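Chain by chain, the residues:
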Amino acid sequence: MKEVSIGIDIGGTNTAIGIVDRSGNCMVETSIPTGTHEDVLPYIQDLRNKIDEIKSNFNELLNIKGIGIGAPNANFHKGTIENAPNLKWKGVINFSELFKQFYDMPIILTNDANAAAMGEMMYGGAKGMKDFIVITLGTGLGSGVVSNGELIYGHDGFAGEIGHTTAVPNGRMCGCGRRGCLETYV
């Protein structure tokens, strides 16, 4: 039985889902729409259905060790998605707890750009590097900062949020409610 993890990348438009082995090889990848879900509970049910469909195709061949989730405005410390401007679900959502109802395994939630930085450090272009920044560009603009081989989360879990740095005072309106965020210009 092969040991694997399920990786989930929640984006403003689509959610990518993959089964990945310890070497970083993606064995299966698929997606579901994110932007069509007005509420988080039907979204979680659709996500669960897609994961269960993938698992059923492999029967007993896989030993799933855990689920890693990257999402915009995700707080690693709390397991929450907090006021994500590019998602339709508003407020603070205890996503990890909602998702743990369905799976008895470790579930880790982090900011999507931080997840990208970890992936690059372990398997990608930053393999072997101890100090770097990853910039992500999708529905939003994000960044993950690694220093001395450690991902920087900060005291509140939101260190390195480059997309919501004010680039133009009193500039364009941003989905976060502020004006002039760098995200509105890139």
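Criteria and thresholds
- Residues numbered from 1 in each chain as written.
- Predicted model: local features only at pLDDT ≥ 70, side-chain atom pairs only at ≥ 80, totals over all residues.
- Heavy atoms only, no water.
- Helix = DSSP H or I, 4+ residues; strand = E, 2+ residues; numbered from the N terminus.
- Rg over C-alpha atoms; globule rule 2.2 N^0.38 Å.
- Buried < 20%, exposed > 50% of the residue type's maximum accessible area, 1.4 Å probe, protein only.
- Contact = heavy atoms within 4.5 Å.
- Areas by Shrake-Rupley, 256 points an atom, 1.4 Å probe, with all protein chains shown as cover.
- Lys, Arg positive; Asp, Glu negative; His and termini not counted.
- Charge placed at Lys NZ, Arg CZ, Asp CG, Glu CD.
- pLDDT = per-residue confidence, 0-100.
- Phe/Tyr/Trp six-rings, centres within 6.5 Å; stacked < 30°, edge-to-face > 60°.
- Core = buried A, V, L, I, M, F, W, Y, C linked by side-chain atoms within 4.5 Å.
- Pairing = 2+ DSSP bridges.
- Salt bridge = Lys/Arg side-chain N within 4 Å of Asp/Glu carboxyl O.

Which parts of the structure should I look at to understand the overall build of the protein?
When its secondary structure is counted, the protein shows three helices and eleven strands. Going from N to C terminus, the protein has its helices and strands arranged as β-β-β-α-β-β-β-β-α-β-α-β-β-β. In terms of overall dimensions, the protein is globule-like: its C-alpha atoms have a radius of gyration of 17 Å, near the 16 Å expected for 186 residues. Along the longest, intermediate and shortest principal axes, the C-alpha atoms of the protein span 55 × 40 × 25 Å. Residues classed as buried in the protein amount to 40% of the 186 residues present. A separation of at least 24 residues holds for 49% of the contacts in the protein among residues at least 6 apart in sequence. About 9,800 Å² of surface is accessible on the protein, with carbon and sulfur atoms providing 52% of the total. Between the mean site of the 15 positive side-chain charges and the mean site of the 20 negative ones, the protein shows a separation of 2 Å.

Whenever I open this one, the confidence of the model for the protein confuses me. Can you help?
The predicted coordinates ought not to be read in detail in places where the model reports low pLDDT. Counting all residues, the mean pLDDT for the protein is 92, and 99% of those residues have values of 70 or more. Across the protein, the element-wise mean pLDDT spans from 92 in helix 1 (residues 40–58) up to 96 in strand 7 (residues 92–93).

When you look at the packing of aromatic side chains in this model, what are you seeing that I'm missing?
We describe a pair of aromatic rings using the distance from one ring centre to the other and the angle between the two ring planes. Counted under the stated rule, the structure contains five aromatic pairs. Ring centres 6.4 Å apart and planes at 50° place the aromatic pair Tyr43 and Phe95 in the tilted group. One end of the pair, Tyr43, is in helix 1; the other, Phe95, is in helix 2 (residues 95–100), with 52 residues separating them in the sequence. Phe95 shares its class with Tyr43; the two are buried. On the numbers, 5.4 Å between centres and 45° between planes, the contact of Phe99 with Tyr103 is tilted. Each member of the pair, Phe99 as well as Tyr103, is classed as buried. Among the aromatic residues, those joined into a cluster by ring pairs are Tyr43, Trp89, Phe95, Phe99 and Tyr103.

Hey, could you run me through the nonpolar core in this one?
Nonpolar side chains in soluble globular proteins tend to be buried together. Formed by 32 residues in total, the largest nonpolar core has its most connected members in Ile10, Ile81, Phe95 and Phe99. In terms of residue count, the dominant contributor to this core is helix 1 (seven residues). Setting aside its immediate chain neighbours within four residues, Phe95 contacts Ile10, Val40, Tyr43, Ile44, Leu47, Ile69, Gly79, Thr80, Ile81 and Leu109. Formed by eight residues, the second largest nonpolar core is a distinct cluster that contains Ala117, Met121, Phe132 and Val146.

For this particular structure, what's the right way to read the pairing of strand 1 (residues 2–10)?
The side chains of a regular strand alternate, first on one face of the sheet and then on the other. In the sheet, strand 1 pairs with strand 4 (residues 62–71) via eight bridges, with the strands oriented parallel. Within the sheet, the bridge partner assigned to Lys2 lies in strand 4 and is Leu62. Relative to strand 2 (residues 14–21), strand 1 runs antiparallel, the two being bridged by seven bridges. Paired with Val4 across the two strands is Asp21, which belongs to strand 2.

Explanation requested: the pattern of salt bridges in the structure shown.
Opposite charge on two side chains permits them to pair, given that their charged atoms come into close proximity. Scanning all chains against the criterion turns up eight salt bridges. A salt bridge links Glu3 to Lys65; the nearest nitrogen and oxygen atoms lie 3.9 Å apart. One end of the pair, Glu3, is in strand 1; the other, Lys65, is in strand 4, with 62 residues separating them in the sequence. Overall, the relative accessible area of 31% leaves Glu3 in the partly exposed class. With a shortest N-O distance of 3.9 Å, Glu97 and Lys100 are connected by a salt bridge. Linking Glu97 with Lys100, this pair stays in helix 2, spanning three residues, or about one helical turn. Using a relative accessible area of 46% as the deciding quantity, one classes Glu97 as partly exposed.

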